[in-house]
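# Results of the structural survey
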Amino acid sequence: MIRTVIGSVAQMSIIPLQDVLGLDASARTNTPGTIIGNWKWKLASQDILKEPGEKLKELTTLYGR
């Protein structure tokens, strides 16, 4: 999905950080249809990995973003 978004002809591409890091559903920012418990996810230092950043760098370079 990330490759498709970055490779699109759109002027801008927005990819949730949770997707870049490959996190599971426990890292959701919000749950549609609910009003409680949303917008509480925070990036933890242990979630930051070098590999996803390198892959994102490759894709942005490849598609000139």
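Provided above is the structure to which this section pertains.
This report concerns the structure included in the present document. This one's a predicted model, so the numbers in the text were calculated from it and none came from an experiment.

## What about the side chain of Asn38?
Mapped onto the secondary structure, Asn38 falls in the loop between α2 (17-21) and α3 (50-62). A residue is classified by how much of its surface remains accessible, and Asn38, at 17% relative accessible area, is buried. One polar contact links the side chain of Asn38 to the main-chain amide nitrogen of Thr31, over a distance of 2.7 Å. A polar contact is formed between the side chain of Asn38 and the backbone oxygen of Thr34, at a distance of 2.9 Å.

## Focus: the environment of Thr60
Within the element layout of this structure, Thr60 appears in helix α3. Thr60 gets classed as partly exposed once you look at its relative accessible area, which sits at 25%. Counting along the chain gives 18 residues from Thr60 to Lys42, while the straight-line C-alpha distance between them is 25 Å.

Cut-offs and rules
- Residues numbered from 1 in each chain as written.
- Predicted model: local features only at pLDDT ≥ 70, side-chain atom pairs only at ≥ 80, totals over all residues.
- Heavy atoms only, no water.
- Helix = DSSP H or I, 4+ residues; strand = E, 2+ residues; numbered from the N terminus.
- Buried < 20%, exposed > 50% of the residue type's maximum accessible area, 1.4 Å probe, protein only.
- Polar contact = N/O pair within 3.5 Å; in protein donor to acceptor, adjacent residues only side chain to side chain.

By themselves, these are just geometric observations and shouldn't be taken as functional.
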